[in-house]
Amino acid sequence: MTNNIFLPLAAKHTYFIGSVLLRPFSSVKNRFSKQPKSLSYRPNWLNSRSFSDFSTMNNVRAGSQKEFPLGLDASTEEEYSSQSSLLQDFTSIPTIDKAWTFTSDGGSQGMFSISQPNLLANKKRRYILSCHISKESSDGVDFQWAAFPIEMSNVSVMIPSPSGSKLLVVRNPENDSLTKFEIWGQSLVEKEFLVPASVHGSVYSDGWFEGISWNNDETLIAYVAEEPAPSKPTFTTFGYKKENSTEKECGKWKGQGDWEEEWGETYAGKRQPALFIINVNSGEVRPVEGIGKSLSVGQVEWAPSTEGFQQYLVFVGWPSDARKLGIKYCYNRPCALYAVRAPFSKSDIHQSGTHAADNVSPIKLTQSISSAYFPRFSPDGKLLLFLSARSSVDSWAHSATGSLHRIDWSFNGKPTPDAKIIDVVPVVMCPEDGCFPGLYCYSVLSKPWISDGYTMILSSIWGSTQVIISVNVISGNISRISLGDSSFSWNVLALDGDNIIAVCSSPVDVPAIKYGSLVRKASAEASWSWLDVSSPISRCSEMVTSLLSSRQFSIMRIPVRDISGNLTKGASKPYEAIFVSSKSQSRNVCDPLIVVLHGGPHSVLLSSFSKSLAFLSSLGYSLLIVNYRGSLGFGEEAVQSLPGKIGSQDVSDVLATIDHVIEKGLADPSKIAVLGGSHGGFLTTHLIGQAPDKFAAAVARNPVCNLALMVGTSDIPDWCYAETFGDEGKSIFTEATSVEHLDAFYRKSPISHVSKVKTPTLVLLGAKDLRVPMSTGLQYARALKEKGVEVKVIVFPEDTHAIDRPQSDFESFLNIGVWFKKYCK
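Residues numbered from 1 in each chain as written. Predicted model: local features only at pLDDT ≥ 70, side-chain atom pairs only at ≥ 80, totals over all residues. Heavy atoms only, no water.

Next up on the list: the overall build of the protein chain. When helices and strands are counted, the protein chain shows 15 helices and 39 strands. Of all 825 residues assigned to the protein chain, the portion counted as buried reaches 60%. Carbon and sulfur atoms make up 49% of the accessible area of the protein chain, which totals about 33,500 Å². (Helix = DSSP H or I, 4+ residues; strand = E, 2+ residues; numbered from the N terminus. Buried < 20%, exposed > 50% of the residue type's maximum accessible area, 1.4 Å probe, protein only. Areas by Shrake-Rupley, 256 points an atom, 1.4 Å probe, with all protein chains shown as cover.)

Here it is, written out as structure tokens:
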């Protein structure tokens, strides 16, 4: 999940799972005295019975003149109305998703892809904002922004051509419509092609399988799309209809046919991503032959072309002929780089069938490594760079410390499977204090190179921050080039020659655009200077600006409590927590504390801006965002210290962090709440069971509450084994779980402590969650209710694990705000 602060169980770092405690609303009510008491727009959930409610909240008295929505009374409805006004201000803040630059006269052109929730339509509104960039001097840059953004309705993906003169726009089908490809020029749509479902299904635009690549002369585009759906049996009133039957039909229907496994969470309906090429001039589409169904493909790139030789495509392939375990956020799935002959090439014409067949099978380029993805060719075409998650594949941790590798690309016409793989950035096991902690990179620019041709610019996690680094792919030298003294998080958006366009933010600062310039010194290492860029994208309401200006944050180092002799050095080092508080907070009177816990568990909560967390903080709460051991960004030994110890080591780390801020006089022990989702929900429900007197309120989003139930219903049952049994989990994993294993899962689960829980708990569930099916959360909530604990459940019928559809995200955090207001006075 992206803006959503709740990170899926196995999720990339940009998602967040947490715990929240809100300040008594009376202390902030005067700040909103000019706000209306009711909204001109009232969300649907205020007027309908859209959720299930197990709450013991006061019911409307019999005979009342006014009817209230299910679960609300007069005072609660007023609270919803008041808080929703502020939440709407935060929700409307736009997000910069991508950026591109193009060379032009007198400077360059920038194009920014921006998204913003559309609550009424319950989808993201996407639009483009363009600008002209002129570098005035070494200490000045001018961005001249277009007057208005342009909305891109129903657009799935946009990819500029290498020269920047063309733009591919793909609109995926809705209902039974066709996939539409549009080729835009600088002033008009030049070509438009419709591709029927008999050729392929939707084009993948999810950022993982997604792969769209123009060739150098901009005549062909390679891309990944769902292969055509297999035909299903037809039945009539007379029974089964043969395929070539000439019988007159008086009524028929399609049967289901054989069930085919899909790729799990967020990939409902996605069975087999396959590779295609479209001819930009004719609109002809051809599948890339020879790959077969044994591989699911993604992340395609055109290999450098050599005159007179066959053109090749390089892609990532995941084995798909066995069990398809969930792949979203799971880097522990084996994958490799392959090269395959591209159709449409000149040498392809009039070849004999025998000769063509010799070249059609894909060549596995990475035989000696268990993971290879995000392939990128150097500008001169001599090197193929790629990332690897081999630590994750080998250990079964769903995410771990990454590495960067290169292959010297062959120019003899045909790639070979025995190419030597050279380590560029190896896995860092235990970093020295303040030094590079290892590579944690989850996206790579399509053109990540500066002009020297061998320096890559990447975003990577460094402790609790995201930073921008440069990597010399020949020497392996790594430099942190975003401001070293900044606790903010930085993310590279695009390169403008030897300049970097980045976005920078913090928990209390909305994202701002920065422009980095390379400064070369004659006898010293190159350095970078950073300029502020004034941007309409960074603007927000006066209310949000005022509230955020009253907040501050710091990153704390938390010593490990009870270090045992069998801990590795990396697992014994301090971990981190981000503390957000009021600038005017007195040590004598502390704001209520929200403990925020990420999921994964191998992910991280960054010092970047989260609209949801900023909303909760602005209500008058301190936030304690805990990156317990097992989080990313601290070296591989820290990551691997947690599997086998979930429910104990991570719980202990969170409790130690809470005690740390209490001892420093930063939190009132009577006003602490906890919020988390997925594994963060696992921790939340563990904490209220293991420390039943510590928390005033709790919220769990799609929580892992019973591993014994989850293991047979999740799309990632291997996760249950890896995190419960540690190193042993990989060797004992089975789909036919034994009684002994079920017992171990139960003992590791929060539900084993349910009899001790006293804390009022709000449970938020997505009915279409394949990762942590809602049955585990419902079981836990029903058990709490059975024990007499105050509990409320809200189910979102159309949401998956992230609960990130705009209306669901809005309703979730409004309910969180109201829940903590009620119990954290």
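A volume near 630 Å³ is recorded for the second largest pocket. As for the second largest pocket, its lining consists of 29 residues, of which Pro228, Ala229, Pro230, Lys232 and Arg271 are closest to the centre. Tallied by class, residues from the lining of the second largest pocket come to nine nonpolar, eleven polar and nine charged. (1 Å grid on protein atoms, 1.4 Å probe; cavity = no way out; pocket = protein on both sides within 12 Å on 5 of 7 lines; lining within 4 Å. Points joined across faces, edges and corners; volume = space filled by probe spheres on them. Nonpolar A, V, L, I, M, F, W, Y, C, P; charged D, E, K, R; others polar.)

Further remarks concern the packing of aromatic side chains. Enumeration according to the criterion identifies 30 aromatic pairs in this entry. When the centroid spacing of 6.1 Å and the interplanar angle of 25° are considered together, the rings of Tyr223 and Phe276 count as stacked. Within this pair, whereas Tyr223 is found in strand β11 (residues 220-226), its partner Phe276 is found in strand β15 (residues 273-279), the two being separated by 53 residues in sequence. Classification of Tyr223 as buried rests on a relative accessible area of 1%. Centroid distance Tyr331 to Tyr373: 6.0 Å. Interplanar angle 45°. Geometry classified as tilted. Of the two residues, Tyr331 sits in the loop between β18 (312-319) and β19 (336-341) while Tyr373 sits in strand β21 (residues 373-377), which places them 42 residues apart along the sequence. (Phe/Tyr/Trp six-rings, centres within 6.5 Å; stacked < 30°, edge-to-face > 60°.)

Our focus in this paragraph is helix α11 (residues 717-725). Residues that lie three or four places apart on an α-helix share one face, since the helix turns once every 3.6 residues. Most of α11 sits out of view: nine of its nine residues are buried. Those residues of α11 that fall on the buried side of the exposure criterion are Pro717, Asp718, Trp719, Cys720, Tyr721, Ala722, Glu723, Thr724 and Phe725. Where α11 is buried, its residues meet α9 (679-690), α10 (707-710), α12 (729-732) and α13 (739-748). Gly726 occupies a position one or two residues after α11 and carries a positive phi of about 65°. (Contact = heavy atoms within 4.5 Å.)

Before going further, it helps to examine the pattern of salt bridges. Taken as a whole and assessed by the stated rule, the structure comprises 26 salt bridges. Residue Arg323 pairs with Glu735 through a salt bridge whose shortest N-O separation is 2.8 Å. With Arg323 in the loop between β18 and β19 and Glu735 in the loop between α12 and α13, this pair connects stretches of sequence that are 412 residues apart. On the basis of relative accessibility, which here comes to 35%, the residue Arg323 falls in the partly exposed class. Residue classification places Glu735 among the partly exposed positions, given a relative accessible area of 48%. Two residues, Lys569 and Glu432, come together in a salt bridge whose shortest N-O distance is 3.6 Å. A residue pair is termed long-range when its members are at least 10 positions apart, and Lys569 in helix α5 (residues 569-572) and Glu432 in the loop between β24 (421-425) and β25 (455-462) qualify at 137 residues. Taken together, the shared-partner salt bridges connect Glu226, Glu227, Glu260, Arg271 and Lys293 into one network. (Salt bridge = Lys/Arg side-chain N within 4 Å of Asp/Glu carboxyl O.)

This part covers the side chain of Asn332. Position of Asn332 relative to the elements: it lies in the loop between β18 and β19. Taking relative accessible area as the criterion, Asn332 reaches 4% and is therefore assigned buried. Not counting residues up to four positions away in its chain, the partners in contact with Asn332 are Ser392, Val393, Trp396, Ala397, His398 and Asp718.

Taken in spatial order, the three strands of this open sheet run β13-β12-β14, and their pairing is antiparallel. Looking along the sheet, the strands with just one partner apiece sit at the ends: β13 (239-241) and β14 (252-254). When strand polarity is set aside, the average angle formed by the axes of neighbouring strands in this sheet is 35°. As paired elements, strand β12 (residues 234-236) and β14 share three bridges and run antiparallel to each other. Paired with Phe235 across the strands is Trp253, a residue of β14. (Pairing = 2+ DSSP bridges. Axes fitted to C-alpha atoms, helices over the stretch in contact; angles between N-to-C directions.)

Helix length check: α9, at twelve residues, gives a terminal C-alpha distance of 16 Å against a target of 16 Å (1.5 Å per residue), a fit within 8%. With eleven of twelve residues buried, α9 lies mostly within the body of the structure. Among the residues making up α9, those that are buried are His679, Gly680, Gly681, Phe682, Leu683, Thr684, Thr685, His686, Leu687, Ile688 and Gly689. (Expected span 1.5 Å × (residues − 1).)

Let us now look at the environment of Asp509. Mapped onto the fold, Asp509 is located in strand β30 (residues 509-519). Sequence separation of Asp509 and Phe488 is 21 residues, and the distance between their C-alpha atoms is 8.8 Å. Residues within four places of Asp509 in sequence aside, it is in contact with Phe488 and Phe609. At 2.5 Å, the side chain of Asp509 and the side chain of Ser506 are in polar contact. (Polar contact = N/O pair within 3.5 Å; in protein donor to acceptor, adjacent residues only side chain to side chain.)

Time to look at the nonpolar core. Within the largest apolar cluster, 73 residues are counted, with the highest numbers of intra-cluster contacts made by Leu275 and Leu313. Contacts of Leu313, omitting those with residues within four sequence positions, involve Ala222, Leu275, Ile277, Val288, Val300, Glu301, Trp302, Ala303, Tyr338, Ala339, Val340 and Ala342. Formed by 61 residues, the second largest nonpolar core is a distinct cluster that contains Val560, Ile646, Val711 and Ile732. (Core = buried A, V, L, I, M, F, W, Y, C linked by side-chain atoms within 4.5 Å.)

To continue, consider the sheet that holds β11. Taken in spatial order, the four strands line up as β10-β11-β15-β16 in an open sheet, and their pairing is antiparallel. Bordering the open sheet on either side are β10 (212-214) and β16 (285-287), each of which pairs with just one other strand. Within this sheet the neighbouring strands show an average axis-to-axis angle of 25°, counted without direction. Pairing geometry for β15 and β16, over three bridges, is antiparallel. In the sheet register, Phe276 faces β16, and the bridge partner there is Pro287.

With that out of the way, let us pick up the pairing of β19. In terms of residue burial, β19 counts as a mostly covered element, since six of its six residues are buried. Every second residue of β19 is oriented toward a common face, with Ala336, Tyr338 and Val340 on one face and Leu337, Ala339 and Arg341 on the other, all of them buried. Examined bridge by bridge, β18 and β19 share six bridges and lie antiparallel to one another. When the sheet's bridge partners are listed, Phe315 is paired in β19 with Tyr338.

Our focus in this paragraph is unusual backbone geometry. At the junction of Gly600 and Pro601, the peptide bond is cis and its omega measures out at 5° in the coordinates. One can find Pro601 in the loop between β34 (593-597) and α6 (611-618). Notably, Thr266 is not glycine yet its phi reads approximately 70°, a positive angle. Notably, Ile803 is not glycine yet its phi reads approximately 45°, a positive angle. When you line up the elements, Ile803 lands in the loop between β39 (791-796) and α15 (806-823).

Okay, the environment of Ala700 next. Relative to the assigned elements, Ala700 resides in strand β37 (residues 697-701). Along the chain, Ala700 and His679 lie 21 residues apart, while their C-alpha atoms are 9.6 Å from each other. Beyond its immediate stretch of four places on either side in the chain, Ala700 contacts Gly676, Gly681, Thr685, Leu762, Val763 and Leu764.

Evaluated as defined, the whole model comprises seven cavities of 30 Å³ or more. Put simply, the second largest cavity is a space of about 80 Å³. Taken together, 13 residues form the lining of the second largest cavity, with Tyr373, Gly402, Leu439, Cys441 and Tyr442 sitting closest to its centre. Within the lining of the second largest cavity, the residues separate by chemical class into nine nonpolar, four polar and no charged.

Now for the packing of helix α8 (residues 649-663) against α9. Contact geometry for α8 and α9: axes closest at 10 Å, N-to-C directions at 70°. Between α8 and α9, the angle is such that the two are roughly perpendicular. Between α8, through Asp650, Val651, Val654 and Leu655, and α9, the contact on the second element is made entirely by His679, Phe682, Leu683, His686, Leu687 and Gln690. Of the residues belonging to the contact of α8 with α9, the class tally is six nonpolar, three polar and one charged. (Parallel < 35°, antiparallel > 145°, perpendicular 65-115°, else oblique.)

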